[in-house]
Amino acid sequence: MPGLVLVIEDEPGIVDFLERGLRAHGFQVASALDGLSGTEKALAEHVDLVVLDMMLPGRSGLDVLAALRDAKPALPVIVLTALGEVEDRIVGLDAGAVDYLTKPFSLSELAARIRAQLRVASQAPLTSLRGGDVEVNLLTREVRRAGRLVRLSTTEFELLVYLVRNRGAVLSREQILAAVWGYEYDPGTNVVDVYVGYLRRKLHDDDRRTPIVTVRSVGYRFDATD
Ligand code: CA
């Protein structure tokens, strides 16, 4: 898989090790020895992924992370932390790093993480779902049936998204409950049936069947046929 990886790390020995190792794994590699030049390179050049050391002189790894998040939010960043720097790791993930590795790490582990992140980044983000004549916009949370705007509560929306994502499949009440309400919810509750009822009423059109089919003694299925 092609990809330009920018390594931002101040220890020349590690930079050298990463450059040679990642090239051997088929990546193109660029590097920067401090946070400032690293940020500049990441923003100026076409970089597919950044491997970022948190302990950097001058501009810290966290500052770099924040700058990249602002300017290139889709750019994946894998953070390197030293053993024991648990706080760094948590702060890094909070600040938007997509993954982290604790030193010392194996090169093949890093290469595998990079490949995984590049794969995710290459897939266009899913912004809408469609099941039959029901359209769900995941960004604006707008739902339409046959072009007609349907207003849903938050829970109704989450339930519909789950059903449409799994359209065509028979879903048990327990599955739906766990996915939408969480496992801690009382399995004896009839909340799934109640909310399916709400959804059906809101999706209802005079001349159309409901897209949510009851599967006797099991649960429900979102009918995907147009
Ligand atoms: Ca360092």
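A quick note: this is a predicted structure, and the numbers were derived from the prediction, not measured.

Visitor: So what about the overall build of the chain? Which residues, and what values?
Guide: Regarding its fold elements, the chain presents eight helices and twelve strands. A burial count over the chain gives 41% of its 226 residues as buried. Accessible surface computed for the chain: about 12,100 Å², of which carbon and sulfur atoms make up 52%.

Visitor: Outline the packing of helix α7 (residues 173-181) against helix α8 (residues 191-203), supporting the account with residue identities and numerical values.
Guide: At their nearest, the axes of α7 and α8 sit 9 Å apart, and the two run at 80° to each other. Considering the angle they form, α7 stands roughly perpendicular to α8. Contacts between α7 and α8 involve R173, I176, L177 and W181 from the first element and V191, V192, D193 and Y195 from the second. Its residues placed into classes, the contact of α7 with α8 shows six nonpolar, no polar and two charged.

Visitor: Tell me about the packing of helix α6 (residues 154-165) against α7, and please be specific about residues and values.
Guide: Geometry of a packed helix pair, given as the angle between the helix axes and the separation of the axes. At their nearest, the axes of α6 and α7 sit 10 Å apart, and the two run at 125° to each other. In this view, α6 runs oblique relative to α7, as classed from their interaxial angle. As for how α6 packs across α7, the hand of that crossing is right-handed. Every residue of α7 that contacts α6 at T155, E158, L159, Y162 and L163 is listed here: Q175, I176, A179, V180 and W181. Its residues placed into classes, the contact of α6 with α7 shows seven nonpolar, two polar and one charged.

Visitor: Quick one: what's the story with the coordination of the calcium ion, residue by residue and with numbers?
Guide: Each donor-metal-donor angle in an ideal tetrahedron of four donors is 109.5 degrees, and each such angle in an ideal octahedron of six donors is either 90 or 180 degrees. Taken together, the protein ligands of the calcium ion are E9 (OE), D10 (OD), D53 (OD) and M55 (O), with distances of 2.0 to 3.2 Å. Counting residues between consecutive donors of the calcium ion along the chain gives the motif E-D-x42-D-x1-M. By relative accessible area, E9 is classed as buried at 0%.

Visitor: I'd love a proper account of the sheet that holds strand β5 (residues 99-103), names of residues and values included.
Guide: Ordered by their spatial adjacency, five strands build an open sheet running β2-β1-β3-β4-β5, and the pairing between neighbours is parallel. Across the chains shown, the open sheet's two edge strands, defined by having one partner strand only, are β2 (28-32) and β5. The sheet shows a mean angle of 20° between the axes of neighbouring strands, taken without regard to direction. Two strands pair when backbone bridges link them, and strand β4 (residues 77-82) and β5 are joined in this way by five bridges, in the parallel orientation. Looking across to β5, one finds that L80 is bridged to L101. On top of the sheet, helix α2 (residues 35-44) reaches β1 (4-8), β2 and β3 (49-53); it is set at about 165° to β1, its chief contact. Running at roughly 175° to β5, helix α5 (residues 107-122) makes contact with β1, β3, β4 and β5 of the sheet.

What counts and what doesn't
Residues numbered from 1 in each chain as written. Predicted model: local features only at pLDDT ≥ 70, side-chain atom pairs only at ≥ 80, totals over all residues. Heavy atoms only, no water. Helix = DSSP H or I, 4+ residues; strand = E, 2+ residues; numbered from the N terminus. Buried < 20%, exposed > 50% of the residue type's maximum accessible area, 1.4 Å probe, protein only. Areas by Shrake-Rupley, 256 points an atom, 1.4 Å probe, with all protein chains shown as cover. Axes fitted to C-alpha atoms, helices over the stretch in contact; angles between N-to-C directions. Parallel < 35°, antiparallel > 145°, perpendicular 65-115°, else oblique. Contact = heavy atoms within 4.5 Å. Nonpolar A, V, L, I, M, F, W, Y, C, P; charged D, E, K, R; others polar. Left-handed = near helix turned anticlockwise from the far one by under 90°. Donors = N, O, S within 2.8 Å, 3.2 Å for Na, K, Ca; no water. Pairing = 2+ DSSP bridges.

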